[in-house]
Amino acid sequence: MNNDVRQTLLEAVERMPAFPESVHQILELSGDINCSQKDLVEVIKKDPVFTLKILRLVNSPYFGLSREISSINHASVYLGLNTLKNVSLGLAAVGAIPRSASDRLDMGAFWLHSLAVAACASMLGRKLGVSRDDVANYFAAGLLHDIGKVVFALYLPDRFQTAIRLAAEPGSSLHRCELEVIGATHADIGGLLAEKWHLPGELRETIASHHSMGEGGDFMLTDCLFTANQISKKLSFGSAGDFHVEPLPAGVVNRLGMTMDELIADLPSLGEEVENARIFIKLGESR
């Protein structure tokens, strides 16, 4: 990426809204090894609207609890610090998208694809033995992996639409067409937006490298995210402008122990999990 392209991307990212201060504090606190759940709860309580959103999410079918959680204190005990952090940043990221994005991008289809990748990546993580708390990282990565496309659609609309038209050709992938037309990919600008939002380092790296297999970061998370992306495209869960299903590299197949078709057959509840996860978008978009 040359300096002119990078400057263009930085200017576009700078126009995106920032996270609420309470969410910045949540992310900052959760990155502190000395942070307690009590500290986190106290920050969340200062934002009653955000507190209500978290409680509605915790009591939704997505978490499937057997009894109602009536306080953020109880929610924090059930969720754990890492999951609470990821729930917060997921809701905040959805809420930070300007409403005008829907004029340039089918946001319903975009979020459906993102939710499918998030749910699928979480399911794959669980299959590999990832803990419930750490699976929240997989969901957040899936939900936000394509967030750079929203920045392109809002602030580089003509070039982005040209890339989407080129990607409609059989065998073409959107990120390669973006590189040809814009000089950078949605993963590149997504990584820059993640920096602006002060997202956790692992999540920033995953967003920035989700089309670059084997280039650092948590390989298990990257493998699951890549696989979930391909599965979601193959099953036509929504659309984010890219319909090219890439084959799974041999290393990914070995890690997961199945081919893509075998994985699809082994994830019969994916559709139900995606439907349950729609609450993230509903709550995030509500003002």
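In the nomenclature of an unreviewed UniProt entry, the chain corresponds to Ribonuclease Y from the organism Pseudodesulfovibrio hydrargyri.

This paragraph deals with the overall build of the chain. Check the secondary structure of the chain and you find 17 helices and 0 strands. Compactness check: the chain gives a C-alpha radius of gyration of 18 Å against a globular reference of 19 Å for 287 residues, within 12% of the reference. Across its three principal axes, the chain shows a C-alpha extent of roughly 50 × 45 × 35 Å. For the chain, with 287 residues in total, the buried portion stands at 53%.

In this section: the layout of surface pockets. Its volume calculated, the largest pocket comes out at about 370 Å³. Lining the largest pocket are 21 residues, and of these Tyr62, Phe63, Thr83, Arg126 and Val135 lie nearest its centre. Residue assignment for the lining of the largest pocket shows that the elements contributing at least two residues are helix H5 (72–79), helix H6 (81–96), helix H7 (107–127), helix H8 (132–144) and helix H17 (270–285). In terms of residue count, H8 provides more of the lining of the largest pocket than any other element does, 6 residues in total. Of the residues assigned to the lining of the largest pocket, the class counts are 13 nonpolar, 5 polar and 3 charged.

Looking now at the pattern of salt bridges. Tallied over the full model, the rule gives 10 salt bridges. In this structure, Glu273 and Arg126 form a salt bridge, with 3.0 Å as the shortest nitrogen-oxygen distance. Here Glu273, found in helix H17, pairs with Arg126, found in helix H7; they are 147 residues apart in sequence, far enough to count as distant. Residue classification places Glu273 among the partly exposed residues on the basis of a relative accessible area of 21%. For Arg176, the salt bridge goes to Glu246, with nearest N and O atoms at 4.0 Å. Note that Arg176 is positioned in helix H11 (residues 174–181) and Glu246 in the loop between helix H14 (219–234) and helix H15 (250–256), a separation of 70 residues in sequence. With relative accessibility at 49%, the residue Arg176 sits in the partly exposed group. A relative accessible area of 11% places Glu246 in the buried class.

Cut-off values and rules
- Every chain's residues receive numbers from 1 upward, in the order its sequence appears when written.
- Totals for whole chains, interfaces and linings use all residues, but because this is a predicted model, local features are given only for residues with pLDDT of at least 70 and pairs of side-chain atoms are given and counted only at 80 or more.
- To get the side-chain values, all heavy atoms of the structure are used, and hydrogens and water are removed first.
- In DSSP terms, a helix is any run of H or I states spanning at least four residues, a strand is any run of E spanning at least two, and both are numbered starting from the N terminus.
- As a reference, a globule follows 2.2 Å times the number of residues to the power 0.38, and the radius of gyration itself is taken over C-alpha atoms.
- Categorising residues by exposure relies on relative accessible area from a 1.4 Å probe, with only protein chains included: less than 20% of the type maximum marks a residue as buried, more than 50% marks it as exposed, and the intermediate range marks it as partly exposed.
- Both cavities and pockets are sets of points on a 1 Å grid over the protein atoms alone; in a cavity a 1.4 Å probe fits but cannot get out, in a pocket the set is open with protein on both sides within 12 Å along at least five of seven lines, and lining residues sit with an atom within 4 Å of a point.
- Grid points are joined across faces, edges and corners, and a volume is the space filled by probe spheres set on the points.
- Side-chain classes are defined by residue name, with Ala, Val, Leu, Ile, Met, Phe, Trp, Tyr, Cys and Pro counting as nonpolar, Asp, Glu, Lys and Arg as charged, and the others, Gly among them, as polar.
- Note on definitions: salt bridges are taken to be side-chain nitrogens of Lys or Arg within 4 Å of carboxyl oxygens of Asp or Glu.

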